[in-house]
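Given next are the chains, with one letter for each unit.
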2 protein chains.
Amino acid sequence: MTIKIGILGYGNLGRGVEAAVKMNGDLELKAVYTRRDPSQLKINTEGVPVKSTAELDKGNEDIDILVICGGSATDLPAMTPKYAALYNVIDSFDTHANIPVHFENVDKAAKAAGKVGIISCGWDPGMFSVNRLYSTAILPCGEAYTFWGKGVSQGHSDAVRRIDGVLDCRQYTIPVPAALERVRNGENPELTTREKHTRECFVVAEEGADLERIENEIKTMPNYFSDYDTTVHFITAEEMARDHSGLPHGGSVIYSGTSSEGTKHVIEYSLKLDSNPEFTGSVLAAYARAAVRLNKEGKTGAMTVFDIAPAYLSAIPADELRAHYL
Amino acid sequence: MTIKIGILGYGNLGRGVEAAVKMNGDLELKAVYTRRDPSQLKINTEGVPVKSTAELDKGNEDIDILVICGGSATDLPAMTPKYAALYNVIDSFDTHANIPVHFENVDKAAKAAGKVGIISCGWDPGMFSVNRLYSTAILPCGEAYTFWGKGVSQGHSDAVRRIDGVLDCRQYTIPVPAALERVRNGENPELTTREKHTRECFVVAEEGADLERIENEIKTMPNYFSDYDTTVHFITAEEMARDHSGLPHGGSVIYSGTSSEGTKHVIEYSLKLDSNPEFTGSVLAAYARAAVRLNKEGKTGAMTVFDIAPAYLSAIPADELRAHYL
């Protein structure tokens, strides 16, 4: 029996989930839901309908789980609890500071409805979190370091695009090689924000714009850039399209801990991703499978990647996993 | 409330578990059990008794879980089912081909007794297995590569020690850098045994022994060395003690998969361990905690690392994990 998937929102992430569903024989895309006019949206899977969220709101769509692909700032805090009252749901909520509140809201709605709601799923939060937890549990005396990149940060790219005179921007986050090296050597260094990552911006400016002002506005932008060493390159729209059309990303969680006086161990989990949204979509697809299985076993309420045993993620039966993957 | 741990067997691994227990405030070592004369065994934890396995066999020792530190060839296949009928148990059974049978035997005994038995726990099988599973579940279209080393293989060191004229040996398994490089680049190469790892032996020979014969016997030994490029160095007992007293190990699971036509992702999990037995002991300690918790929730039977949600491994409460580790 296949697991019936609905996708809410058809931006980069929604398309990433759609691609992931195609790679999994036991998953079936039933519909894409949009807040826009459904007739204006063309998706990449033939024969699958695009529907209005108004249909979803009636609560009787034929789906086993809804993958909610919205933004963490305003979409998900409202959408995930709302739809957890109607369907099993999963999201990639990534505002770390607000996770406890979001968890509570989804938990209340999902429990009342007898559904499962997985929040904060992807790679960070998600696979990186799982690795921080495994390492801390195995070696409680130690330190976790998370490095992001080299990769495109969409939030930072958007922030630069809002500057007057900027037509387009792609911002790359880059770990500082010397910092990576020290952590990998098990030195457990104290590192400032500036010592861990640098930022590089490729900017298409309006003709005649004051480039010096733009560069200065970027480099001094609080929260986003002022705590980093930032490089700004002005390029043409053609160069942007030719050299920066992808959304690669990645990074490493490096954990350095001891098991006795003087005995050190370094654990590293790293990702090199051609496409951030497609990989995140692939993680969401695997955990969507887990959510449906757990709900069928009678589990309800909010969960995170911490609460789900690895075997639930795979379409491969348990005895085959033990025989061939253990 | 602390979790009361018993350790059965006091070789390298038993001492590794003992060290791990000291790093975890919620774990308490209650006793070490030995098949030898208990009065002859001195352990590294003051005030903790050494007892005979005869005591254990009575079935009423005051422990929450027994960590069984025996060999996979003959000890564990008998011991783990036997003690799963009396206590929660955990082992590091690592004969991959026999895992299904071992699982069945432990499952039957543990279920009948209302206990939990975790088998095949450590880093391979163990953390490496978990990473193979996560990656395969997220990107079902891909390939997993496992590299071991650089590190000491105790099985191979023992095999060389059995050669006539050899007093001592330390065998290092070393991944071939070019193979690692190709896999990390996402080339998905087909690699033979010889192309993946080399082996390096440091040997102390008896005075006057025929070194050429020893070297030849090592290099042509079936299963252990004949499929590898092996280097043999003859050293003195002093050099052995000075340069090769540790048991470092490590390795990498590298998974290379696609999420759509032409879109590649590389996931790497790697370990650099100062002490193989202490790290394995640390993994066993974390999963021992999980076993006791799961049993308290009413779970029984055999389990592996695949069946256990990460949150069970950590002493940190669930809400704190969500707030600080997600």
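These remarks concern the structure in this document. All figures in this text were calculated on a predicted structure; none of them were measured in a lab. (Residues numbered from 1 in each chain as written. Chains lettered and ligands numbered in written order. Predicted model: local features only at pLDDT ≥ 70, side-chain atom pairs only at ≥ 80, totals over all residues. Heavy atoms only, no water.)

**Here's the deal with the packing of helix α3 (residues 75-84) of chain B against helix α4 (residues 99-113) of chain B**
Residue and element names in this part refer to chain B.
Working step 1: Their axes nearest at 7 Å, the elements α3 and α4 cross at an angle of 15°. With respect to their mutual orientation, α3 and α4 come out roughly parallel. As α3 runs across α4, the sense of the crossing is right-handed. Where α3 abuts α4, its residues L76, P77, T80, P81 and A84 lie against H102, N105, V106, A109, A110 and A113.
Working step 2: Tallied by class, residues from the contact of α3 with α4 come to 8 nonpolar, 3 polar and no charged. (Axes fitted to C-alpha atoms, helices over the stretch in contact; angles between N-to-C directions. Helix = DSSP H or I, 4+ residues; strand = E, 2+ residues; numbered from the N terminus. Parallel < 35°, antiparallel > 145°, perpendicular 65-115°, else oblique. Left-handed = near helix turned anticlockwise from the far one by under 90°. Contact = heavy atoms within 4.5 Å. Nonpolar A, V, L, I, M, F, W, Y, C, P; charged D, E, K, R; others polar.)

**Observations regarding the packing of aromatic side chains**
Working step 1: Counted under the stated rule, the structure contains 7 aromatic pairs over all chains.
Working step 2: Pairing Y134(A) with Y134(B) gives two aromatic rings, centres 6.4 Å apart and planes at 75°, and the pair type is edge-to-face. In this pair, Y134(A) sits in helix α5 (residues 127-138) while Y134(B) sits in helix α5 (residues 127-138), so the two residues belong to two different chains. Note on accessibility: Y134(A) and Y134(B) belong to one class, buried.
Working step 3: Centre to centre, the rings of W123(B) and F128(B) are 5.2 Å apart; their planes meet at 80°, and the pair counts as edge-to-face.
Working step 4: Ring pairing ties together the aromatic residues W123(A), F128(A) and Y269(A), which thus form one cluster.
Working step 5: Positioned above the aromatic ring of F147(A), the side-chain terminus of K196(A) is 5.2 Å from the ring centre.
Working step 6: In this structure, R199(B) is placed above the aromatic ring of Y228(B), and the distance from its NZ or CZ to the ring centre is 4.0 Å. (Phe/Tyr/Trp six-rings, centres within 6.5 Å; stacked < 30°, edge-to-face > 60°. Buried < 20%, exposed > 50% of the residue type's maximum accessible area, 1.4 Å probe, protein only. Lys NZ or Arg CZ within 6 Å of the ring centre and 35° of its normal.)

**So, the nonpolar core**
Working step 1: Formed by 155 residues in total, the largest nonpolar core has its most connected members in I5(A), L66(A), Y287(A), I5(B), L66(B) and Y287(B).
Working step 2: If sequence neighbours within four positions are ignored, L66(A) has contacts with G6(A), I7(A), L8(A), Y33(A), L56(A), Y83(A), Y87(A), N88(A), V89(A) and I90(A). (Core = buried A, V, L, I, M, F, W, Y, C linked by side-chain atoms within 4.5 Å.)

**Regarding the relation of the copies chain B and chain A**
Working step 1: For the match of chain B to chain A, the screw axis carries a shift of 0.0 Å, the RMSD comes to 0.0 Å, and the turn is 180°. The operation mapping one copy onto its partner corresponds to a two-fold rotation axis. Relative to the rotation axis, the C-alpha of A309(B) is the closest in chain B, positioned 1.9 Å from it.
Working step 2: Of the interface residues in chain B, 100% have counterparts in chain A that sit at the interface too, so the contact is made through matching surfaces. (Least-squares fit on C-alpha atoms with pLDDT ≥ 70 in both.)

**Observations concerning α5(B)**
Residues and elements named next belong to chain B.
Working step 1: Compared with the 16 Å implied by 1.5 Å per residue over 12 residues, the 17 Å span of α5 between its first and last C-alpha is a close match.
Working step 2: Among the 12 residues that make up α5, 12 are buried, leaving the element largely enclosed by the rest of the structure.
Working step 3: For α5, the set of buried residues is M127, F128, S129, V130, N131, R132, L133, Y134, S135, T136, A137 and I138. (Expected span 1.5 Å × (residues − 1).)

**A word on the side chain of E61(A)**
All names here are of chain A.
Working step 1: Tracing the backbone shows E61 in the loop between α2 (53-57) and β4 (65-68).
Working step 2: Given the relative accessible area of 11%, E61 is considered buried.
Working step 3: Within the structure, E61 has its side chain in polar contact with the side chain of K51 (distance 2.7 Å).
Working step 4: When residues no more than four places from it in sequence are discounted, the contact partners of E61 are Y33, K51, E55, L56 and Y87. (Polar contact = N/O pair within 3.5 Å; in protein donor to acceptor, adjacent residues only side chain to side chain.)

**Here's the deal with the interface of chain B and chain A**
Working step 1: Tallying the contact residues gives 64 residues for chain B and 64 residues for chain A.
Working step 2: Around 5500 Å² of area is buried between chain B and chain A when both sides are counted, 65% of it from carbon and sulfur atoms.
Working step 3: Counting every contact that joins chain B to chain A gives 0 salt bridges.
Working step 4: For the interface between chain B and chain A, the tally reads 23 residue pairs in polar contact (both at pLDDT 80 or more). (Buried area = accessible area lost by both parts, 1.4 Å probe. Salt bridge = Lys/Arg side-chain N within 4 Å of Asp/Glu carboxyl O.)

**Brief notes about helix α11 (residues 276-296) of chain A**
Residue and element names in this part refer to chain A.
Working step 1: For α11, which comprises 21 residues, the first-to-last C-alpha distance of 31 Å matches the rise-based estimate of 30 Å (1.5 Å per residue) to within 8%.
Working step 2: In terms of burial, α11 is a largely internal element, 19 of the 21 residues being buried.
Working step 3: Its side-chain oxygen 3.0 Å from the backbone nitrogen of E278, S275 forms the N-cap of α11.
Working step 4: One or two steps after α11, the chain reaches G298, where phi turns positive at roughly 100°.

**What about the sheet that holds strand β4 (residues 65-68) of chain B?**
The pairing of strands in a sheet happens through backbone hydrogen bonds and is either parallel or antiparallel.
Residues and elements named next belong to chain B.
Working step 1: With respect to topology, 7 strands assemble into an open sheet ordered β3-β2-β1-β4-β5-β6-β14, the strand pairing being parallel. On the outer flanks of this sheet lie β3 (50-52) and β14 (301-303), each paired with one strand and no other. Averaged over all adjacent pairs, the angle separating strand axes in this sheet is 25°, with direction ignored. (Pairing = 2+ DSSP bridges.)

**Observations regarding the pattern of salt bridges**
Working step 1: A complete count under the given rule lists 38 salt bridges over all chains for this structure.
Working step 2: Salt-bridge contacts for E215(A) lead to K219(A); the nearest nitrogen and oxygen are separated by 2.9 Å. Remark: K219(A) and E215(A) occur in helix α9 (residues 211-219); sequence separation between them is 4 residues, near one turn of the helix.
Working step 3: Using a relative accessible area of 34% as the deciding quantity, one classes K219(A) as partly exposed.
Working step 4: For the salt bridge of D75(B) with R35(B), the shortest nitrogen-to-oxygen distance reads 3.3 Å. In this pair, D75(B) is assigned in helix α3 and R35(B) in the loop between β2 (27-34) and β3, connecting sequence segments 40 residues apart.
Working step 5: A relative accessible area of 57% places R35(B) in the exposed class.
Working step 6: A cluster of three or more residues bridged by salt bridges with shared partners is formed by D158(A), R161(A), D168(A) and R170(A).

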